[in-house]
Amino acid sequence: MAGPTTADRGERHKSKSGPPRPPRGLRLRLPRPRVLIVTGVALLLGAAAGWLLYGSQWLRVERVTTSGTRILTPAQVRAAAAVPVGAPLISVDTDDIEDRLRRKLPRIDSVEAVRSWPHGIGLKVTEREPVLIVENGTNGKNGESREGDPKAGKFVEIDAKGVRFATVQKAPRGIPRLELTPNQSGAAASLRRFGPDRLVREAVRVAGDLPPVVARDTRAVRVRSYDDVSLELSGGRTVAWGSGEKGGTKATTLTALMKAAPKARHFDVSVPTAPASSGS
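Residues numbered from 1 in each chain as written. Predicted model: local features only at pLDDT ≥ 70, side-chain atom pairs only at ≥ 80, totals over all residues. Heavy atoms only, no water.

**Some details on the overall build of the chain**
1) Next: Check the secondary structure of the chain and you find seven helices and twelve strands.
2) Next: Classification of the 280 residues of the chain by burial places 36% in the buried group.
3) Next: Contacts in the chain between residues far apart in sequence, at least 24 positions, make up 50% of those at least 6 positions apart.
4) Next: Roughly 17100 Å² of accessible area belongs to the chain as shown, and the carbon and sulfur atoms make up 55% of that amount. (Helix = DSSP H or I, 4+ residues; strand = E, 2+ residues; numbered from the N terminus. Buried < 20%, exposed > 50% of the residue type's maximum accessible area, 1.4 Å probe, protein only. Contact = heavy atoms within 4.5 Å. Areas by Shrake-Rupley, 256 points an atom, 1.4 Å probe, with all protein chains shown as cover.)

**Looking at the pairing of strand S6 (residues 164-168)**
1) Next: Within S6, five of the five residues are buried, which leaves it mostly tucked inside the rest of the structure.
2) Next: Strand direction decides the pairing type here: strand S5 (residues 155-158) and S6, joined by four bridges, are antiparallel. Paired with Phe155 across the bridge in S6 is Val168.
3) Next: Hairpin connection from S5 to S6: five residues lie between these consecutive antiparallel strands, with Gly162 at a positive phi of about 85°. (Pairing = 2+ DSSP bridges.)

**Comments concerning the confidence of the model for the chain**
1) Next: In the predicted model, the chain carries a mean pLDDT of 82, and the fraction of residues at 70 or more is 69%.
2) Next: Predicted confidence is poor over residues 139-150, with pLDDT under 50, and the contacts of this stretch with residues over four places away or in other chains come to 32 contacts. (pLDDT = per-residue confidence, 0-100.)

**Quick word on the nonpolar core**
1) Next: Counting residues in hydrophobic clusters, the biggest one holds 30 residues, and the most contacted among them are Leu132, Leu178, Val223, Leu231, Val239, Trp241 and Leu254.
2) Next: Top contributing element to this core by residue count: helix H5 (residues 187-209), with six residues.
3) Next: Discounting residues that sit within four places of it in the chain, Leu132 has contacts with Val156, Glu157, Ile158, Ile175, Pro176, Arg177, Leu178, Ala203, Val204, Ala207 and Val221.
4) Next: Core analysis: the second largest hydrophobic core is formed by 18 residues, Val83, Leu101, Ile108 and Ala113 among them. (Core = buried A, V, L, I, M, F, W, Y, C linked by side-chain atoms within 4.5 Å.)

**Topic: the pattern of salt bridges**
1) Next: Summed over the entire model, instances satisfying the criterion amount to twelve salt bridges.
2) Next: For the salt bridge of Arg100 with Asp96, the shortest nitrogen-to-oxygen distance reads 2.6 Å. Placement of both Arg100 and Asp96 in helix H4 (residues 94-104) is noted, with a separation of four residues, approximately one turn of the helix.
3) Next: When its relative accessible area of 36% is taken as the criterion, Asp96 is described as partly exposed.
4) Next: Residue Asp159 pairs with Arg128 through a salt bridge whose shortest N-O separation is 2.7 Å. Linking Asp159 in the loop between S5 and S6 with Arg128 in the loop between strand S3 (120-127) and strand S4 (132-135), this pair joins segments that are 31 residues apart in sequence. Accessibility classification places Asp159 together with Arg128 in one group, the buried group.
5) Next: Among the ionic contacts, a cluster of salt bridges with common partners joins Asp109, Arg128, Asp159 and Lys161. (Salt bridge = Lys/Arg side-chain N within 4 Å of Asp/Glu carboxyl O.)

**Let's talk about unusual backbone geometry**
1) Next: Of note, the amide linkage connecting Trp117 to Pro118 takes the cis form, showing an omega dihedral of 10°.
2) Next: Inspection of the secondary structure puts Pro118 in the loop between strand S2 (108-116) and S3.
3) Next: The backbone of Ala82 sits at a positive phi, close to 50°, despite the residue not being glycine.
4) Next: Mapped onto the elements, Ala82 comes out in the loop between helix H3 (74-81) and H4.
5) Next: Here Lys246, not a glycine, exhibits a phi torsion of approximately 55°, which is positive.
6) Next: You can see Lys246 is positioned in the loop between strand S10 (238-242) and helix H7 (247-260).

**Overview of the environment of Pro272**
1) Next: Within the secondary structure, Pro272 sits in the loop between strand S11 (266-268) and strand S12 (276-278).
2) Next: Residues Pro272 and Thr252 lie 20 residues apart in sequence; the distance between their C-alpha atoms is 8.9 Å.
3) Next: For Pro272, the residues in contact, after removing those within four places along its chain, are Lys246, Thr249, Lys250 and Thr253.

**Quick word on the side chain of Glu202**
1) Next: Relative to the assigned elements, Glu202 resides in helix H5.
2) Next: A distance of 2.8 Å separates the side chain of Glu202 from the backbone nitrogen of Gly244, its partner in a polar contact. (Polar contact = N/O pair within 3.5 Å; in protein donor to acceptor, adjacent residues only side chain to side chain.)

**As for H7**
1) Next: End to end, H7 covers 20 Å across 14 residues, agreeing with the expected 20 Å (1.5 Å per residue, within 8%).
2) Next: Inspection of H7 places Gly247, Lys250, Ala251, Thr253, Leu254, Leu257 and Met258 among the buried residues, and these make up the whole buried set. (Expected span 1.5 Å × (residues − 1).)

**Looking at the sheet that holds strand S1 (residues 63-67)**
1) Next: Pairing is mixed in the open sheet, where three strands are placed in the order S1-S3-S2. The two strands at the open ends of the sheet, each matched to only one other strand, are S1 and S2. Each strand axis lies, on average, 20° off the axis of its neighbour in the sheet, ignoring direction.
2) Next: Relative to S3, S1 runs parallel, the two sharing five bridges. Considered in S3, the bridge of Val64 is made with Ile121.
3) Next: Running over the sheet, H4 touches S2 and S3 and is turned about 155° from S2. (Axes fitted to C-alpha atoms, helices over the stretch in contact; angles between N-to-C directions.)

Structure representation (C-alpha cells):
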C-alpha cells in the first residue's frame, strides 16, 4: 500500500497549525489595568486641581496689602490697583495691575504685584524721590504727571531720571529749585537744539554729581543753555558749573576750591583743570 503523498502531508500540517497569525508588529495590545488606573487618577487629580484653583471658594482674593509707600497712602495704592477681590487668585493678572499703578500714580517708580497664597495680593511700591523742583507753569513745560487736580499744585517735582511726576502745593524741604532761562543770549539756540527736556535732564545730572556738602547748600540750579549751568548756594554764593560733562571731576575740584578759599563768593569749575574763585 502506498504511503501519504507530499500533498497529503501538507494538508494535515495546515489543519494542525490553524489560520495564519498576524505579523507580530500588528497585534492589538490592550492597556494593562495598572496603566488605566494611573491615567484615571491623573485625570481626577487634574480636575480637582482645576476646580480648587478656579471653581472653589478657598483660593480667592480676600485681601490686598501694600508696602514701600512714603507720600502715597496704602488706600490710594489699593484704589488705583483695582485688584478684583473675590476672583480666583490664580486668574489675577499681576502684570496688568503693575501697569495700571504706574499709569494712574506717576509718583510710583517701580511696583511688584505678587500673589500671597492662599488669599492675598501684595503690592511692593518704590516711589520716585524729587531731586529738583520747578514752579508750575513758570519754567519749561508744566508737569504732565501728577496726582489729583493738575492745577492744585504750585511746584512740579522732578526725579533723578528727569521725570516730572507730581505737583505739590508746598516745596519739599531741602530740594533745589530748577530755573530755566532760555531768553538769555545764546540760550534760545540751545533750547531749539536740545529741547527743554534735555536741559532738565542736564540739570538733574549736575544735581546728582554735587558733593554732599554742596548739595545741602544748593538753593537753585540755573540752566541758561546746555553748557551754561550754574548753582545758587546759601549765603549768596554761586558756582559756574558749565555743562554736565566731567561731573565727578568738577565735584572734586569744587570741594578742594572751597576749602582753599572758604570766604569766596563765586566759584568757577566750568573748566575743572583751571578753576577760579573770587569775591573773598
